[in-house]
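What follows is the residue order along each chain.
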2 protein chains.
Amino acid sequence: MTTFEAIPPGATVGILGGGQLGRMLCLAAAHLGYRTHVYCPDENSPASLVAATSTVAPYDDQTALNVFASTVDVATFEFENIPAETIDVVQQSVGVSPSVSTLKITQDRLAEKQLCESLGIPTAPFAPISTSDDFASAAEKTGLPGILKTRRMGYDGKGQSTIRTHSDLDSAWMTLGAGECILEGLVDFEMEVSVIFARDRSGALSTFDVPENRHSDGILRTSRVPSGMAGAAFETARDIAHRLAASLDYVGVGAVEMFVTRDGAVLVNEIAPRVHNSGHWTIDACATDQFEQHIRAICGLPFGSTARAFDVVMANLIGDEVEQWRISLDDPLTKLHLYGKSEVRAGRKMGHVTTLSPIAPEPTAD
Amino acid sequence: MTTFEAIPPGATVGILGGGQLGRMLCLAAAHLGYRTHVYCPDENSPASLVAATSTVAPYDDQTALNVFASTVDVATFEFENIPAETIDVVQQSVGVSPSVSTLKITQDRLAEKQLCESLGIPTAPFAPISTSDDFASAAEKTGLPGILKTRRMGYDGKGQSTIRTHSDLDSAWMTLGAGECILEGLVDFEMEVSVIFARDRSGALSTFDVPENRHSDGILRTSRVPSGMAGAAFETARDIAHRLAASLDYVGVGAVEMFVTRDGAVLVNEIAPRVHNSGHWTIDACATDQFEQHIRAICGLPFGSTARAFDVVMANLIGDEVEQWRISLDDPLTKLHLYGKSEVRAGRKMGHVTTLSPIAPEPTAD
């Protein structure tokens, strides 16, 4: 067993990707005394505006990647669609957490589902689609209606289409590019939740309270804690996240999105190998937030307490909803977070607000 | 009455001074969606490492100051020994909060004490010393022992000397440069506290819970909340801070350090026209911290709630105490903050740790 030397404050944390997740990682790293170096193809990315150093270059620029890797003490990524080849280059010089093998699995919806299957963890019924010859058997396995998704490069509802009839499959598959896809059966869930977990090199695990998440058009709208899910389902959800993390030898913070059915079953929907939108409420409500916990995990520091001090509702500000920032401040217990994006686009996550309230007593079952 | 247009997120906040207070202001501003521009004479200042833009130039470089002022939407300072002439240059182009008149008063221990006197707010007995002819009458007014302090440029115990006898005065005054000084009588206090307040342009006021502060060699060591001070003294302390803030037409966060005597009297010791070391615990324990509240005040946003979620003890890491960072993390409820200073020097504030605990019930008097 190799011993991992902690990467001490003062060292530089490299972050691949310059979006809001990278930005909030930079802010957390700075509080702990780390320097940050952000690598992103875009000028003036949200993260670069708060980083000590920033590299603007494409993800396939080997020279820039080598320079980046040589100037950081540990690297991570904030976006699961970073090419695995990019990570391969960086990790020739410096450790990258989570690992590229984890990244590859979570970049592929089929591999993700198969991992769950291999661990006996329930998911929606699924079947791969490579050619139109697969349509009939896939639909038989999953039942219809279902959702056709590209195996790769999907996020925020992109790369997917609802399938109601066999004839929908053909047109949807063509629209999605007629490539490698996965057909998933619909789950009649009572709620969607996510487990934000952290795991370090020694295998130590930490989890946050579990939010209930509501989506619209595939984009997260709100996360609420407490979720109201039953205690037994909560234990199941946490256990699933821990088993997945251990099987991936995961290092860092990750998220597992899950469905909870009316009969209390818990099914995995997606694994995100990074800090997660449904964990943003931890910034304002927890002793340690998901961003700091990730920095601690990848730098080999012990985990901070995830104790929660408030009940919360986090709401995303998407597109021109960002104009609501002013109204949100009418409530002194609403915390505003904007990501420094100058261009407003439909569907673009511009910020979020977290509304705090005193922790309500647990309802007693009787 | 003039109406102040709020400076919206996306705008740039200029910060004069690049130390840890500027750094934590930058982090808070970033969460709200502001850009930051730090002006500091030193390369790689703690604040510049997290700012979107940084200017490295002396405080008397008029050209650099003019460029700085032309690129920011509002300016503030994180250090009360910034030359008033520097602020004068900047405010020709852009608003500066707190005002230069406030800065000038708080840069002069005598003017500060006289302001309190004019408002009927108690302080230690004091007398100005300009020449050695003033020694006898000053010592008679304050009593001995006392403390001789330079009127200007003092912080963290610098520029002061304890006076036990008349003969001490002569040597101490020479050591301090034989310039404008103030002799202060010693106060037999039960505890030292500070009120961290915020005031906006409309006159709205906000205060945090009051910490008990312990100093050693003139440097703050710990701040503890709750302080255990009596409710009546707390009301008095808050009222004093609010009266001082109103009389200065103060905009931003400031701190008033006070002595509480055994009979419950509250005396003002010092006014700091900026976020304050004794308010660092608000980062981890409050719904809104002092840094965010300052950004809100100077940008014209409504105040956030200062509700406190934990009992806390904040301890500074001074000089080589910074090496304790690792041990501090053995407690998951201890929050580490390091300032990114590469050079450790005796007496230099390198970071702080805040230890959280659940809020204890108030002791009942009976």
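Just so we're clear, the structure is a prediction, and the values are computed from it rather than from any experiment.

Q: What am I meant to see in the overall build of chain A here?
A: The helix and strand tally for chain A stands at eleven helices and 17 strands. Since a compact globule built from 366 residues should have a radius of gyration of about 21 Å, the 20 Å found for chain A is in line with a globular shape. Seen along its three principal axes, the alpha-carbon backbone of chain A occupies a region of about 55 × 55 × 50 Å. For chain A, with 366 residues in total, the buried portion stands at 50%.

Q: Would you take a moment to explain the interface of chain A and chain B for this structure?
A: When the parts of a complex come together, some accessible area is lost, and that lost area is often used as the size of the interface. Each partner contributes to the interface: chain A provides 32 residues, whereas chain B provides 33 residues. Where the side of chain A that touches chain B is concerned, the elements lending two or more residues are α1 (20–32), β16 (334–338) and β17 (349–357) of chain A. No other element matches α1 of chain A, which puts four residues into the side of chain A that touches chain B. Split into classes, the residues belonging to the side of chain A that touches chain B amount to 21 nonpolar, nine polar and two charged.

Q: Teacher, can you tell me more about the packing of α1 of chain A against helix α1 (residues 20–31) of chain B here?
A: The relative placement of two packed helices is expressed as an angle between their axes plus a distance between the axes. In the contact formed by α1 of chain A and α1 of chain B, the axes pass within 11 Å of each other and the chain directions differ by 160°. Judged by the inter-axis angle, α1 of chain A sits roughly antiparallel to α1 of chain B. Note that α1 of chain A runs across α1 of chain B; the crossing there is left-handed. When α1 of chain A is examined against α1 of chain B, the residues Leu27, Ala30 and His31 of chain A are found in contact with a partner set consisting of Leu27, Ala30 and His31 of chain B. Split into classes, the residues belonging to the contact of α1 of chain A with α1 of chain B amount to four nonpolar, two polar and no charged.

Q: Honestly, the environment of Ile283 of chain B in this entry has me stumped. Any pointers?
A: Following the sequence through the fold, Ile283 of chain B ends up in helix α9 (residues 282–285). Residue Ile283 of chain B is classed as buried on the basis of its C-beta count, with 21 C-beta atoms lying within 10 Å.

Q: Could you clarify how one ought to interpret the domain arrangement of chain A in this entry?
A: All names here are of chain A. Segmenting chain A into domains produces domain 1 (12–96), domain 2 (125–185) and domain 3 (189–357). Relative to domain 3, the C-alpha centre of domain 1 lies at a distance of 22 Å. Each side of the interface is counted separately: domain 1 has 19 residues, and domain 3 has 16 residues. Elements that contribute at least two residues to the side of domain 1 that touches domain 3 include exactly α1 and β4 (74–77). A total of ten residues in the side of domain 1 that touches domain 3 trace back to one element, the largest contributor, which is α1. Among the residues forming the side of domain 1 that touches domain 3, the class breakdown is 13 nonpolar, three polar and three charged.

Q: Please clarify how the relation of the copies chain A and chain B should be interpreted in this entry.
A: In this arrangement, two copies of a chain are superimposed by a rotation about an axis accompanied by a shift along the axis. With an RMSD of 0.0 Å, the fit of chain A onto chain B corresponds to turning through 180° and sliding 0.0 Å along the axis. One copy is carried onto the other by what is essentially a two-fold rotation axis. Relative to the rotation axis, the C-alpha of Val50 of chain A is the closest in chain A, positioned 2.3 Å from it. Interface overlap between copies: 100% of the residues of chain A at the interface are likewise at the interface in chain B, consistent with a symmetric, same-surface contact.

Q: Looking at this structure, how should I read the nonpolar core?
A: The nonpolar side chains of a soluble globular protein tend to be buried with one another. Core analysis: the largest hydrophobic core is formed by 180 residues, its most contacted members being Leu25, Cys26 and Ile295 of chain A together with Leu25, Cys26 and Ile295 of chain B. Counting residues per element, this core draws most heavily on α1 of chain A, which supplies nine residues. Look past the residues within four positions of Cys26 of chain B in its chain and what remains in contact with it is Ile15, Thr36, Val38, Ala47, Val50 and Ala51 of chain B. Formed by 13 residues, the second largest nonpolar core is a distinct cluster that contains Phe126, Ile129, Ala138 and Leu148 of chain B.

Q: Teacher, can you tell me more about the sheet that holds strand β3 (residues 53–56) of chain B here?
A: Note on sheets: strands pair through backbone hydrogen bonds, and any given pair is parallel or antiparallel. All names here are of chain B. Spatial strand order, β3-β2-β1-β4: four strands in an open sheet with parallel pairing. Two strands lie at the open edges of the sheet, namely β3 and β4 (74–77), each paired on one side alone. Averaged over all adjacent pairs, the angle separating strand axes in this sheet is 20°, with direction ignored. Running at roughly 165° to strand β2 (residues 35–40), helix α2 (residues 62–71) makes contact with β1 (12–16), β2, β3 and β4 of the sheet.

Q: Where do I start with the sheet that holds strand β3 (residues 53–56) of chain A in this structure?
A: Residues and elements named next belong to chain A. Taken together, the four strands give an open sheet; going across it, the order is β3-β2-β1-β4, and neighbouring strands pair in parallel fashion. Either end of the sheet is taken by a strand with one partner, and the two such strands are β3 and β4. Neighbour to neighbour, the strand axes of the sheet diverge by 20° on average, direction disregarded. Bridge count between strand β1 (residues 12–16) and strand β2 (residues 35–40): five bridges; the pairing is parallel. Within β2, the residue paired with Val13 across the bridge is Thr36. Contacting β1 and β2, α1 crosses the sheet at an angle of about 165° to β2. Those strands touched by helix α2 (residues 62–71) are β1, β2, β3 and β4, and its axis lies near 165° from that of β2.

Q: Teacher, can you tell me more about the environment of Asp73 of chain A here?
A: Residue and element names in this part refer to chain A. For Asp73, the location among the structural elements is in the loop between α2 and β4. Residues Asp73 and Val13 lie 60 residues apart in sequence; the distance between their C-alpha atoms is 6.0 Å. Setting aside chain neighbours within four positions, we find Asp73 in contact with Ile7, Ala11, Thr12 and Val94.

Q: Mind showing me how you'd approach the environment of Arg152 of chain B here?
A: All names here are of chain B. Here Arg152 shows up in the loop between β6 (146–150) and β7 (160–163). With 16 C-beta atoms counted inside 10 Å, the residue Arg152 sits in the partly exposed group. A sequence separation of 42 residues divides Arg152 from Leu110, and the C-alpha atoms of the two residues are 8.9 Å apart. With sequence-adjacent residues up to four places away left out, Arg152 is seen in contact with Gln107 and Asp108.

Q: Whenever I open this one, the packing of α1 of chain A against helix α10 (residues 290–299) of chain A confuses me. Can you help?
A: Residue and element names in this part refer to chain A. The interhelical angle for the contact between α1 and α10, taken along N-to-C directions, is 65°, at an axis separation of 8 Å. The orientation of α1 with respect to α10, classified from their angle, is roughly perpendicular. Crossing hand, α1 versus α10: right-handed. Residues Met24, Leu25, Leu27, Ala28, Ala29, His31 and Leu32 of α1 form the contact with α10, whose own contacting residues are Phe291, Glu292, His294 and Ile295. When its residues are assigned to classes, the contact of α1 with α10 shows eight nonpolar, two polar and one charged.

Q: Explain unusual backbone geometry to me, please; I cannot follow it from the model alone.
A: Working note: non-glycine residues mostly have negative phi, and peptide bonds are mostly trans. Put simply, Leu144 of chain A and Pro145 of chain A share a cis peptide bond, and its omega is 0°. Structurally, Pro145 of chain A is set in the loop between α6 (135–142) and β6 (146–150). Of note, the amide linkage connecting Val225 of chain B to Pro226 of chain B takes the cis form, showing an omega dihedral of 5°. Mapped onto the elements of the fold, Pro226 of chain B is located in the loop between β12 (219–225) and α8 (231–247).

Conventions and cut-offs
Residues numbered from 1 in each chain as written. Chains lettered and ligands numbered in written order. Predicted model: local features only at pLDDT ≥ 70, side-chain atom pairs only at ≥ 80, totals over all residues. Helix = DSSP H or I, 4+ residues; strand = E, 2+ residues; numbered from the N terminus. Rg over C-alpha atoms; globule rule 2.2 N^0.38 Å. Buried ≥ 20, exposed ≤ 12 C-beta atoms within 10 Å, placed from the backbone. Contact = placed C-beta atoms within 7 Å. Nonpolar A, V, L, I, M, F, W, Y, C, P; charged D, E, K, R; others polar. Axes fitted to C-alpha atoms, helices over the stretch in contact; angles between N-to-C directions. Parallel < 35°, antiparallel > 145°, perpendicular 65-115°, else oblique. Left-handed = near helix turned anticlockwise from the far one by under 90°. Domains from an automatic or database assignment. Least-squares fit on C-alpha atoms with pLDDT ≥ 70 in both. Core = buried A, V, L, I, M, F, W, Y, C linked by C-beta atoms within 7 Å. Pairing = 2+ DSSP bridges.

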